[in-house]
Amino acid sequence: MTDPTSPTTTRTGLPVTEADTEPGTEAVPASAAAPTDRRPVAAAFRALIALAALTGVALDMIDSGDLGRLFSYFTIQSNILLAIACAWSAHRAWTGRPALSPRITGGALLYISITGLVFHFVLSNDASGFAMTSQRTPLESIANQLLHTATPLAAALDWLLLTAPGGFLLRHAGQWLAYPFLYLPFALIRGALLDPGAEGRYPYPFLDVDLHGYTGIAGNAVVFGLAFYGLALALVLLDRVRPHQRGLGNRISPTGSSRLK
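Residues numbered from 1 in each chain as written. Predicted model: local features only at pLDDT ≥ 70, side-chain atom pairs only at ≥ 80, totals over all residues. Heavy atoms only, no water.

K.L.:
Summarise the packing of helix α2 (residues 40-63) against helix α4 (residues 74-95); cite the residues concerned and give the values.
P.N.:
α4 packs onto α2 with a crossing angle of 155° between their chain directions and a minimal axis gap of 8 Å. Between α2 and α4, the angle falls in the class roughly antiparallel. In the packing of α2 onto α4, the handedness of the crossing is left-handed. Taken together, the residues of α4 that come into contact with α2 (itself represented by P40, A42, A43, R46, A47, I49, A50, A53, L54, V57 and D60) are I76, N79, I80, L82, A83, C86, A87, S89, A90, A93 and W94. Along the lines of polarity and charge, the residues of the contact of α2 with α4 split into 18 nonpolar, 2 polar and 2 charged. (Axes fitted to C-alpha atoms, helices over the stretch in contact; angles between N-to-C directions. Helix = DSSP H or I, 4+ residues; strand = E, 2+ residues; numbered from the N terminus. Parallel < 35°, antiparallel > 145°, perpendicular 65-115°, else oblique. Left-handed = near helix turned anticlockwise from the far one by under 90°. Contact = heavy atoms within 4.5 Å. Nonpolar A, V, L, I, M, F, W, Y, C, P; charged D, E, K, R; others polar.)

K.L.:
How would you explain the confidence of the model for the protein chain if you had to name every residue and give the values?
P.N.:
Mean pLDDT for the protein chain: 85, with 80% of residues reaching 70 or above. Low confidence marks residues 28-35, where pLDDT is under 50. Its contacts with residues over four positions away, or in another chain, come to 12 contacts. The model gives residues 249-261 a pLDDT under 50, and that stretch makes 50 contacts with residues more than four places away or in other chains. (pLDDT = per-residue confidence, 0-100.)

K.L.:
Can you lay out the side chain of N220 for me, pointing to particular residues and giving the numbers?
P.N.:
Residue position: N220 is located in helix α9 (residues 209-241). When near neighbours in sequence (up to four residues on either side) are disregarded, N220 contacts F130, F206 and H212.

K.L.:
Any chance you could break down the environment of N125 for me, citing the residues and the numbers?
P.N.:
Summarising the element assignment, N125 is placed in the loop between α5 (102-123) and α6 (138-162). Once residues lying within four places of it in the same chain are set aside, the contact partners of N125 are H120 and A131. At 3.3 Å, the side chain of N125 forms a polar contact with the backbone oxygen of F121. (Polar contact = N/O pair within 3.5 Å; in protein donor to acceptor, adjacent residues only side chain to side chain.)

K.L.:
Explain a nonpolar patch on the surface to me, and be specific about the residues and the numbers.
P.N.:
A cluster of nonpolar side chains, contributed by L157, L160 and L161, occupies part of the molecular surface with about 230 Å² of accessible area. Assignment of secondary structure puts L160 in helix α6. Owing to a relative accessible area of 35%, L160 belongs among the partly exposed residues under this scheme. (Patch = residues over 30% accessible without salt bridge, like charges linked within 9 Å, V, L, I, M, F, W, Y side chains within 5 Å. Areas by Shrake-Rupley, 256 points an atom, 1.4 Å probe, with all protein chains shown as cover. Salt bridge = Lys/Arg side-chain N within 4 Å of Asp/Glu carboxyl O. Buried < 20%, exposed > 50% of the residue type's maximum accessible area, 1.4 Å probe, protein only.)

K.L.:
Would you mind going over helix α8 (residues 178-193) in detail, with residue names and values included?
P.N.:
When the terminal C-alpha atoms of α8 are compared, their 23 Å separation across 16 residues agrees well with the 22 Å that a helix rising 1.5 Å per residue should span. Those residues of α8 lying buried are Y179, P180, Y183, A187, L188, R190 and G191. Tucked inside the fold, the buried residues of α8 contact α3 (67-70), α4, α5, α7 (170-176) and α9. (Expected span 1.5 Å × (residues − 1).)

K.L.:
Could you give an account of α6, with specific residues and numbers?
P.N.:
Note on helix geometry: an α-helix contains 3.6 residues per turn, so any two residues three or four positions apart are oriented the same way. For α6, the principal kink sits at L146 and spans about 35°. Turning to α6, its buried residues are A143, N144, L146, L147, H148, T151, P152, A154, A155, D158, W159 and L162. Residues of α6 that are buried sit in contact with α2, α4, α5 and α9. (Bend = angle between axes of the 7 residues up to and from the residue.)

K.L.:
I'd like a rundown of the pattern of salt bridges, residues and numbers included.
P.N.:
Across all of its chains, the model carries 4 salt bridges by this definition. Between E199 and R69 there is a salt bridge, with the nearest N and O atoms lying 3.2 Å from each other. Here E199, found in the loop between α8 and α9, pairs with R69, found in helix α3; they are 130 residues apart in sequence, far enough to count as distant. Put simply, D210 and R201 hold a salt bridge, and the shortest N to O gap is 3.1 Å.

K.L.:
Run through the packing of aromatic side chains, naming residues and quoting values.
P.N.:
One pass over the full model with this rule turns up 12 aromatic pairs. Ring geometry for Y111 against Y179: centres 5.0 Å apart, planes inclined by 75°, an arrangement best described as edge-to-face. Separated by 68 residues along the polypeptide, Y111 in helix α5 and Y179 in helix α8 bring together distant segments of the chain. Comparing Y111 with Y179 shows no difference in burial state: the two are buried. Seen from their ring centres, F224 and F228 are 6.0 Å apart, and the 55° between their planes marks the pair as tilted. On the criterion of helical spacing, the pair formed by F224 and F228 is a turn pair, its members being 4 residues apart in helix α9. (Phe/Tyr/Trp six-rings, centres within 6.5 Å; stacked < 30°, edge-to-face > 60°.)

K.L.:
So what's going on with the packing of α4 against α5? Residues and values would help.
P.N.:
Where α4 contacts α5, the two axes come as close as 9 Å, and the packing angle between them is 145°. The crossing of α4 and α5 is left-handed. Residues F74, T75, S78, N79, L81, L82, A85 and W88 of α4 pack against I104, A108, Y111, I112, I114 and T115 of α5. Counted by class, the contact of α4 with α5 contains 10 nonpolar, 4 polar and no charged residues.

What follows is the structure, encoded as structure tokens:
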């Protein structure tokens, strides 16, 4: 059932209004004239990514005694953002609507990539000086693998296999960093408001003012910020040079019609 106020098209495909239709001329609804481009494989895969991210968050919530502390972690926040982006994108793919803006999907990809890379190369690496190793419950172990390994890899596969290349622009790299930069004052202000010695006062060792002081934190922020910007630039470059994968039937243009300027 179509919206009676929606535009119609003539048999030539040009949009017309009810007033433009001559008597005796049959108007074709726009929805009938424009075939849908449903992408079920992309929709199903993105729905699974969203489910994995939300499952990991839910398991951590079940096993956590401090939800405020839990939701202060970049890991949790980035997985929630990825779940929202993937669920939204899955809906658009299933209904044949244009793809989400590369600014949105690229940001979600960058943030979840940061989560995976920082965890595996910094927080799980004793040689980094910022390791966070502790005994985990079975639920925590499952959530840990979902949030730090499964979702980053799945997001990368979705980008490489189910998204057309060329959507990321150079200026997106700087725009994507707004969230990581805002996370820094959030973590520091939250820590300053908690009692000294409180468990989880600062979410990560490289943001722990008690250990490094504000000067040390500033130095860490510069190093990590440059690394994140380098990662964002790498994503833009790879997005421009990676080849089209033919034959999948679910690949789409970056925005469905035209690239963002």
